[in-house]
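Residue-level listing of the chains:
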Amino acid sequence: LAACGGGGTVDDGGTVKLRLSEVTHSVFYAPQYVALEKGFFAEEGLEVELINGGGADKVMVSVLTGEAEIGLAGPEACIYTLLEGREDAPRIFAQLTNCDGSFLVGRTDEDFSWENLRGKTIIGGRKGGVPEMTLEYTMKKNGVIPHVDATVDTSVQFNMMAGAFTAGTGDYGALFEPTATEVELAGQGYILCAIGEESGEIPYTAYFAAGSYMDENPDVIQRFTNAVYRGQQWVAEHSDAEVAQALVSAFPDTDVDVLTTVVGRYRGIGAWNTVPVMKQEALERLETGMEMAGELDQRVDFHKLVDNSFAENACG
């Protein structure tokens, strides 16, 4: 394999070195970490370096500038970029998760109802990001109008939300795992509900790369997708405890019992795709949420945004 376009390199043994920018570091992406830990990427001849992007917008910048060959974030980042008419806009080639991965955390162990949010402030994430838009969509679905009945704070960076909440900002926060459970175990909040269970199936997190990189390196994209698919299958076929054990190296500061609990929570809401194919109707559901949030006034051509051929080959 020749040297990869977009910054990937090949070592003397023929292994392709890739930089993967992930939107955050969370158990929500368990199949990816399993694929790393179990050697599925290595068996495909790939050496993957993880970069914590700290937000979908930052992940997109890293892909556009060549800091990373592949990005993992919400599809909204690719939708915005495509609609901007940017040259060499990234395309989505594999889906990892299929619902919201955040949990609503409050300051009291209350008998939760969405009506409880009235007059309160919720730390929701970056305006225009999938976490914030899904939160607003779910609030509206339950009769609580964001910015009218309750305040959604969009001023806090995604990777700073837990710190802001525990420092006293807001009445509620939408936090990912294992952070939500760690906040609860520290006595600094209570997990009240799974937002993904309320919002329904959407293509919440997906892999993408610059169009030129995909065109020049289809074999690399295929091998990457193969490894992701194997990770998804492994998670589906193993117990919560087994998955948690496979995540220990990715989350060395988190107790394995906590990891087991978190894996069970995510499995319980059907968070993980068992195949990396993105459904058109699921993307359209996401676009509906974006429209309701006032962040989208034009829909994209699914086939310009998504290339399912790699995912379909992996499954075949």
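Residues numbered from 1 in each chain as written. Predicted model: local features only at pLDDT ≥ 70, side-chain atom pairs only at ≥ 80, totals over all residues. Heavy atoms only, no water.

The subject of this paragraph is unusual backbone geometry. With omega at 10°, the peptide bond leading from Glu177 into Pro178 counts as cis. Its place among the elements puts Pro178 in the loop between β9 (172-175) and α7 (179-185). Positive phi, normally seen in glycine, also occurs at Asp88, with a value near 60°. Mapped onto the elements, Asp88 comes out in the loop between α4 (76-83) and β5 (90-97). Judged by relative accessible area, Asp88 falls into the partly exposed class, the value being 34%. Phi at His147 takes a positive value of approximately 70°, unusual for a residue other than glycine. Counting through the fold element by element, His147 comes out in the loop between α5 (130-141) and β8 (151-153). (Helix = DSSP H or I, 4+ residues; strand = E, 2+ residues; numbered from the N terminus. Buried < 20%, exposed > 50% of the residue type's maximum accessible area, 1.4 Å probe, protein only.)

A side chain with one charge can pair with a side chain of the opposite charge if their charged atoms come near. Within this structure, the stated rule accounts for 15 salt bridges. One salt bridge connects Lys279 with Glu201, and the closest N-O pair in it is separated by 3.8 Å. Of this pair, Lys279 sits in the loop between α12 (256-268) and α13 (280-292) while Glu201 sits in the loop between α8 (195-199) and β11 (205-210); the two residues are 78 residues apart in sequence, bridging distant segments of the chain. With relative accessibility at 43%, the residue Lys279 sits in the partly exposed group. (Salt bridge = Lys/Arg side-chain N within 4 Å of Asp/Glu carboxyl O.)

What follows covers the packing of helix α3 (residues 56-64) against α4. Across the interface, α3 lies against α4 with an axial gap of 9 Å and an inter-helix angle of 55°. Considering their axes alone, α3 and α4 lie oblique with respect to each other. The two elements α3 and α4 meet at a crossing, and its hand is right-handed. On the side of α3, the interface is formed by Ala56, Met60 and Leu64, while α4 contributes Glu76, Ala77, Cys78 and Thr81. (Axes fitted to C-alpha atoms, helices over the stretch in contact; angles between N-to-C directions. Parallel < 35°, antiparallel > 145°, perpendicular 65-115°, else oblique. Left-handed = near helix turned anticlockwise from the far one by under 90°. Contact = heavy atoms within 4.5 Å.)

Attention shifts here to the packing of aromatic side chains. Per the counting criterion, the structure on display carries 15 aromatic pairs. Taken together, a centroid distance of 6.3 Å and an interplanar angle of 25° make the contact between Phe93 and Tyr207 stacked. Taken together, the residues Phe93 in strand β5 and Tyr207 in strand β11 connect sequence positions 114 residues apart. Accessibility assignment for this pair places Phe93 and Tyr207 in one class, buried. Here Phe112 and Trp114 contribute two aromatic rings whose centre-to-centre distance is 5.3 Å and whose plane-to-plane angle is 70°, an arrangement assigned as edge-to-face. What links up through ring pairs into an aromatic cluster is the set Phe28, Tyr29, Phe103, Phe158, Phe176, Tyr204, Tyr266 and Trp272. Lying over the aromatic face of Phe165, Arg107 brings its terminal NZ or CZ to 4.0 Å of the ring centre. (Phe/Tyr/Trp six-rings, centres within 6.5 Å; stacked < 30°, edge-to-face > 60°. Lys NZ or Arg CZ within 6 Å of the ring centre and 35° of its normal.)

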